[in-house]
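The lines below spell out each chain.
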Amino acid sequence: MTRMVTIGAAQLGPIARPDSRAQVVARLVALLRQAREHGCDLVVYPELALTTFFPRWYFERQEELDTYFEHDMPGRDTQPLFDAARESGVGFYLGYAELAVEEGHTRHFNTSILVDKSGRIVSKYRKIHLPGHAEHEPWRRFQHLEKRYFEVGNLGWPVVRAFGGLVGMAICNDRRWPETYRVMGLQGVELVLIGYNTPVHNPPAPEHDALSHFHNMLVMQSGAYQNGSWIVGVAKAGCEEGVDQIGNSIVVAPSGEIVAACTTVGDELAIARCDLDLCTSYKSTTFNFARHREPEQYRLIVERKGAVPPPE
Ligand code: CDV
């Protein structure tokens, strides 16, 4: 018995600032239909996939900033994507900026949803590791104001039963942090879906620029192997509003091997047949957490109770 899920990593090329939601959703639907032709069960779109990557600008007026956020999901402009999913029998992961009202407070999150083949939202995640800065920093060639525009996600990392396995989500910068994968790994995750927007240029550390693809693959391949899980990482790529973004969307097997990859920086589908039963080989041997993890030791060391002082 194998549990096979065919997944399309639906990379997007640039979205220009004036592009409408309707224009973008038409591109998403085209990729979803292409995925159906190839027998996909699920497509994965990038982070903030409905608009240009707006945290690269400093907005003084909240009303202007809020035009990049979705009040409803699905809303009028995104409903055609949900309809296409239901008609095609293809589910999707979608990243978007969420404006929520909770206990009378308006809140802003960098969010992703998982939608099943019937067009129903079955899981939601709100980005926890927000990168960048909170104040306008004019010395930068472009801003990265996620810490100003979003709150830290308050939903944890939910792992849900969907597409025949245990599925979790993360968003962009989350993929660089081992805790992201391990918190889901401890819940038995078999498939982690990640959308991202990663500029080639890192203003505070330009010495990292030449390593951006290497780091992208390093973190997802390690996360997959160390937790015995499939990982699908999908970029918004290409030169968007003058900022080059990496593509390099990949599907990683629980072995840590890359089994499918996009080769352009435009709209592109990379497809992989993912056998969720492959996870068992890693989860039951090298990364059998119940047998080999030592959480009590980790706790003692962090609390500096168990560590032996280094020799003089
Ligand atoms: N959108 C992101 O989270 N981008 C970060 C950049 C700022 C480093 C990333 O980790 O790719």
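Look up: the structure comes first, before these words.
These notes cover the structure that comes with them.

The rules we used
- Residues numbered from 1 in each chain as written.
- Predicted model: local features only at pLDDT ≥ 70, side-chain atom pairs only at ≥ 80, totals over all residues.
- Heavy atoms only, no water.
- Pairing = 2+ DSSP bridges.
- Helix = DSSP H or I, 4+ residues; strand = E, 2+ residues; numbered from the N terminus.
- Axes fitted to C-alpha atoms, helices over the stretch in contact; angles between N-to-C directions.
- Contact = heavy atoms within 4.5 Å.
- Buried < 20%, exposed > 50% of the residue type's maximum accessible area, 1.4 Å probe, protein only.
- Near = heavy atom within 4 Å.
- Polar contact = N/O pair within 3.5 Å; in protein donor to acceptor, adjacent residues only side chain to side chain.
- Areas by Shrake-Rupley, 256 points an atom, 1.4 Å probe, with all protein chains shown as cover.
- Nonpolar A, V, L, I, M, F, W, Y, C, P; charged D, E, K, R; others polar.
- Expected span 1.5 Å × (residues − 1).
- Arc of directions from axis to C-beta.

## Let's talk about the sheet that holds strand β1 (residues 4–11)
For sheets, the rule is that strands pair by backbone hydrogen bonds, running either parallel or antiparallel.
Link 1 in the chain: Taken together, 6 strands build an open sheet; the order of strands is β5-β4-β3-β2-β1-β14 and the sheet is mixed. Edge positions in the sheet fall to β5 (121–126) and β14 (268–275), since each of these pairs with one other strand and no more. Ignoring which end each strand starts from, the neighbouring axes of this sheet average 35° apart.
Link 2 in the chain: As defined by bridge partners, strand β2 (residues 42–44) adjoins strand β3 (residues 91–102) across 3 bridges and the pair is classed as parallel. In the strand pairing of β3, Val43 is matched with Phe92.
Link 3 in the chain: Those strands touched by helix α1 (residues 21–37) are β1, β2, β3 and β14, and its axis lies near 45° from that of β14.
Link 4 in the chain: Sitting on the sheet, helix α3 (residues 79–88) is in contact with β3, β4 (105–115) and β5, with an inclination near 145° to β3.

## Here's the deal with the environment of Gly164
Link 1 in the chain: With respect to the helices and strands, the residue Gly164 is situated in the loop between β6 (159–162) and β7 (165–171).
Link 2 in the chain: Judged by relative accessible area, which is 51%, Gly164 ranks as exposed.
Link 3 in the chain: Separated by 99 residues in the primary sequence, Gly164 and Leu65 have C-alpha atoms spaced 38 Å apart.
Link 4 in the chain: For Gly164, the residues in contact, after removing those within four places along its chain, are Arg3 and Leu276.

## Structural notes on the site of the ligand
Link 1 in the chain: In the region of the ligand, the neighbouring residues are Glu47, Phe53, Lys127, Pro131, His144, Glu146, Cys172, Asn173, Arg175, Arg176, Asn197 and Thr198.
Link 2 in the chain: In this structure, Glu47 approaches the ligand through a side-chain N or O atom, which is 3.0 Å from a nitrogen atom.
Link 3 in the chain: Within the side chain of Arg176, one N or O atom sits 2.6 Å away from an oxygen atom of the ligand.
Link 4 in the chain: In isolation the ligand offers 310 Å² of accessible surface; the protein chains occlude 86% of this area.
Link 5 in the chain: Residues that form the shell around the ligand fall into these classes: 3 nonpolar, 4 polar and 5 charged.

## Quick look at the pairing of β5
Link 1 in the chain: By the bridge criterion, 5 bridges tie β4 to β5 in an arrangement that is antiparallel. The residue of β5 that forms the bridge with Leu114 is Ser123.
Link 2 in the chain: Between the end of β4 and the start of β5, which pair antiparallel, lie 5 residues, with Gly119 showing a positive phi angle near 85°.

## Quick notes on helix α6 (residues 212–227)
Link 1 in the chain: End to end, α6 covers 23 Å across 16 residues, agreeing with the expected 22 Å (1.5 Å per residue, within 8%).
Link 2 in the chain: All buried positions along α6 are accounted for by Ser212, Asn216, Val219, Met220, Gly223, Ala224 and Asn227. Projected down its long axis, α6 shows its buried positions confined to an angular sector of 125°, all on one face.
Link 3 in the chain: Count one or two residues on from α6 and you reach Gly228, which has phi positive near 55°.

## As for the side chain of Glu240
Link 1 in the chain: For Glu240, the location among the structural elements is in strand β10 (residues 238–240).
Link 2 in the chain: Its relative accessible area of 0% is what places Glu240 among the buried residues.
Link 3 in the chain: In this structure the side chain of Glu240 is engaged in a polar contact, spanning 2.8 Å, whose partner is the backbone nitrogen of Ile15.
Link 4 in the chain: Polar contacts involving the side chain of Glu240 include one to the side chain of Lys236, which spans 2.8 Å.
Link 5 in the chain: Not counting chain neighbours up to four residues away, the residues in contact with Glu240 comprise Pro14, Ile15, Thr52, Phe53, Arg56 and Gln245.

## A closer look at the sheet that holds strand β8 (residues 191–196)
Link 1 in the chain: Sheet architecture is open: 6 strands sit in the order β6-β7-β8-β9-β12-β13, paired in mixed fashion. What marks the edges here is a single partner per strand, and that holds for β6 and β13 (258–261). Strand-to-strand twist of the sheet, defined as the mean angle between neighbouring strand axes without regard to direction, takes the value 20°.
Link 2 in the chain: The pairing of β6 with β7 spans 4 bridges and is antiparallel. Along β7, the bridge assignment pairs Val160 with Val167.
Link 3 in the chain: On top of the sheet, helix α5 (residues 178–185) reaches β6, β7, β8 and β9 (230–235); it is set at about 160° to β7, its chief contact.

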